[in-house]
Amino acid sequence: MSRFWKIALIVIAVIVVALVGFRLLHKPAETAGGHHRRGAGADASAAKGQDAQGEKDAAPVPVTVQPVVSQAVPIYLTGLGTVQALNTVTINPQVGGEMMTINFTEGQSVKKGDVLAQIDPRTYQANYDQAVAKQKQDEALLGTAQSTFKRNQALVGQGYVAALDMDTYRNTVASDAATVASDAAAVKSAKVQLDYTKIISPCDCVTGIRSIDPGNVVTTTTAIVTLTQIHPIYVIFYLPEQNLETVRNAVKGGAQLAVAALDKTDAHPLASGGVLQVIDNQINTTTGTFKLRAQFPNLDSNLWPGQFVNVQLKVSTTANGLVIPAQAVQRGPDGDYVYQLQADKTVKMQPVTVANEVGASNVMISKGLAVGDQVVTEGQFRLKPGSKVQALKPGEVPAAPTAAEMQKAKQGGGRRGG
């Protein structure tokens, strides 16, 4: 074979190898890519169709709904308060001596006039008896002086008694009368000192822990026990200064504002029937609050001096407040809202403004709803705007699905699975 044909065959072989390589590198890739694009489009179309079918066939969400009602709503201001005894009395003896007896039990309720303790009275009894005896002695001298004066007064006109002597008799009577008056005062003083040996309760109070025992020698600086009067009782509480005008307007005309005391967790009331007595005459510039004092009958002794309580002060009543259950109100990024039931059995998000709490489980709405509107109170976590719902009354449960509904659900599930 000539050299020309050898070169020609080599060139043809190179061209054939190049064409085969080009087909192997490009044709399969295009085929795979085309197949992938067709598969993705089919899958997306199928998923979209299934979602649309699911939305169409979705069962209504069972939720509990309640209507907005109109009622009289009391408006309260709340603050932290401290219970304070009506009277707190520290009992100190007014005379010194040995403590003979203690007639009360610690923590006992005592009445005004009860004898709490007895100090040895013998020294004071002797002083009293001595004062009485001295008074009687001076009364006898006064009687003698008066008799002498009367006898000699009749003789003055006859010249038997000098006028100078009559002046002496008259002055003696006056002096003895003054001495008797002084003795009477001394008797009263001695009687007071004797009475002080009996320590008397000054009020209807509760006794505390005593600090002395029988047999101790006490003085006028010895504290025996502290009494506290708790029927009635005071509660001192504080409100922010911005509430001052509201409270002052409420008490105009002599109106009495009702006050209730609750425990520290607001779980239950401790005492009711309290009335506002005093609004303090200045605002605390450090805390920005003002002080008030209420008085409670405290007949059941639920309030105790030094106890911390939450205070509710009723300042007014809203005649036609719009009230819904508190659990209907949801908190969103734009504020409070509720799910409101529409006529087509779907729900929408309705913004609302909460004005006040009503009791432990309701709230008053000032804006966003009207009387009779239906709001969702249970089942909100499954809802979104436009969701179809099955409205139930409080305590009602949805009916069990029928056989046809079960079969339809199974068929729908099979289609979605395929």
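Source: prediction; values computed, not measured.

(A) Looking closely at the pattern of salt bridges. For the structure on display, the rule yields six salt bridges. A salt bridge links aspartate 120 to arginine 122; the shortest N-O distance between them is 2.8 Å. One salt bridge connects aspartate 336 with arginine 331, and the closest N-O pair in it is separated by 2.5 Å.

(B) Expanded view of the environment of glutamine 130. Mapping glutamine 130 onto the fold places it in helix H2 (residues 122–156). In this structure glutamine 130 comes out as exposed when scored by relative accessible area, which is 57%. Spatially, the C-alpha atom of glutamine 130 lies 9.6 Å from that of alanine 186, the residues being 56 residues apart in sequence.

(C) Here's a closer look at the sheet that holds strand E6 (residues 198–200). Spatially, four strands are ordered E6-E5-E3-E8 in an open sheet, and the strand pairing comes out antiparallel. Pairing within the sheet leaves two strands with one partner each, and these edge strands are E6 and strand E8 (217–218). In this structure, strand E3 (residues 97–102) lies alongside E8, joined through two bridges in antiparallel fashion. Its bridge partner lying in E8, glutamate 98 is registered against valine 217.

(D) Geometry of the pairing of strand E5 (residues 115–119). Counting buried residues along E5, four of its five residues qualify, which places the element largely inside the surrounding structure. As paired strands, E3 and E5 are joined by three bridges and run antiparallel to one another. Paired with threonine 101 across the bridge in E5 is glutamine 118. Bridging between E5 and E6 involves three bridges; their strand directions are antiparallel. Within the sheet, the bridge partner assigned to valine 115 lies in E6 and is isoleucine 200.

(E) Structural view of the layout of surface pockets. There is about 450 Å³ of room inside the second largest pocket. Contributing to the lining of the second largest pocket are 18 residues, with Thr78, Leu262, Gln312, Glu357 and Gly359 lying nearest its centre. Every element with two or more residues in the lining of the second largest pocket is listed here: strand E2 (69–91), strand E10 (258–262), strand E13 (308–325) and strand E17 (353–358). Take the lining of the second largest pocket: its biggest share by element is four residues, from E2. For the lining of the second largest pocket, a count of residues per class yields ten nonpolar, six polar and two charged.

(F) Examining the side chain of threonine 346 more closely. As for its position among the elements, threonine 346 is in the loop between strand E15 (335–341) and strand E16 (347–351). Of the polar contacts made by the side chain of threonine 346, one reaches the side chain of aspartate 344; its length is 2.5 Å. Once residues within four sequence positions are removed from consideration, threonine 346 is found in contact with Gln340, Leu341, Gly386, Ser387 and Lys388.

(G) Here's a closer look at the environment of lysine 188. Its location among the elements puts lysine 188 in helix H3 (residues 163–195). By relative accessible area, which is 60% here, lysine 188 ends up exposed. Between the C-alpha atom of lysine 188 and that of alanine 131, which follows or precedes it by 57 residues, the distance is 8.7 Å.

(H) Up close: unusual backbone geometry. Proline 232 follows histidine 231 through a cis peptide bond whose omega is -5 degrees. In this structure, lysine 345 takes a positive phi of about 65 degrees despite not being glycine.

(I) Structural context of the state of the cysteines. All chains considered together, the criterion is met by one disulfide. There is a disulfide in this structure between cysteine 203 and cysteine 205, and the S-S distance comes to 1.8 Å. Disulfide cysteine 203-cysteine 205: torsion about the S-S bond near -90 degrees, hence left-handed. Each member of the pair, cysteine 203 as well as cysteine 205, carries the same accessibility label: buried.

(J) The arrangement of the confidence of the model for the protein in detail. Taken over all residues, the pLDDT of the protein has a mean of 85, while the share at 70 or more is 83%. Throughout residues 28–49 the model reports pLDDT below 50, and contacts reaching past four residues in sequence, or to other chains, amount to one contact.

(K) Examining the nonpolar core more closely. Residues Val247, Phe296, Leu303 and Leu313 are the most contacted members of the largest nonpolar core, which totals 31 residues. Those elements that provide at least two residues to this core are E2, strand E9 (225–240), helix H4 (244–250), E10, strand E11 (269–284), strand E12 (289–296) and E13. By size, the runner-up hydrophobic cluster in this structure holds 19 residues, among which are Ile91, Val95, Cys203 and Ile224.

(L) Highlighting the pairing of E13. Of the pairings in the sheet, the one linking E2 to E13 comprises 13 bridges and is antiparallel in character. Pairing of proline 74 across the sheet is with threonine 317, part of E13. Across four bridges, the pairing between E10 and E13 is antiparallel. Across the sheet, the residue bridging to alanine 260 is glutamine 312, located in E13. Relative to strand E18 (residues 362–367), E13 is paired through four bridges, and the arrangement is antiparallel. Residue pairing in the sheet places isoleucine 324 in a bridge with valine 363 of E18.

Cut-offs used in this document
- Going along each chain's sequence as written, the residues are numbered from 1 onward.
- Owing to the predicted nature of the model, reporting of local features is limited to residues with pLDDT of at least 70; listing and counting of side-chain atom pairs is limited to 80 or more, with chain, interface and lining totals taken over all residues.
- Excluding hydrogens and water, the side-chain figures rest on all heavy atoms present in the structure.
- A pairing counts as a salt bridge when a side-chain nitrogen of Lys or Arg comes within 4 Å of a carboxyl oxygen of Asp or Glu.
- Secondary structure follows DSSP: runs of H or I at least 4 residues long count as helices, runs of E at least 2 residues long count as strands, and numbering of each begins at the N terminus.
- Remark: exposure states derive from per-residue accessible area (1.4 Å probe, protein chains only) relative to the maximum for the residue type, with buried under 20%, exposed over 50%, and partly exposed in between.
- A pair of strands is considered paired only if DSSP assigns at least 2 bridges between the two.
- Every definition here rests on a 1 Å grid over the protein atoms only: cavities are sets of points where a 1.4 Å probe fits but cannot get out, pockets are open sets enclosed by protein on both sides within 12 Å along at least five of seven lines, and lining residues have some atom within 4 Å of a point.
- Grid points are joined across faces, edges and corners, and a volume is the space filled by probe spheres set on the points.
- Any residue outside Ala, Val, Leu, Ile, Met, Phe, Trp, Tyr, Cys, Pro, Asp, Glu, Lys and Arg is labelled polar, Gly included; the first ten of those are nonpolar and the last four are charged.
- Think of a polar contact as two N or O atoms within 3.5 Å of one another; within protein, one of them needs to be a possible hydrogen donor and the other a possible acceptor, and neighboring residues in sequence only count if both atoms come from side chains.
- By definition in these notes, contact holds between two residues if any of their heavy atoms fall within 4.5 Å.
- Note on terminology: pairs of cysteine sulfur atoms within 2.5 Å are recorded as disulfides.
- pLDDT: the predictor's confidence for each residue, scored from 0 to 100.
- By convention a nonpolar core is built from buried Ala, Val, Leu, Ile, Met, Phe, Trp, Tyr and Cys residues, the set being connected through side-chain atoms within 4.5 Å.

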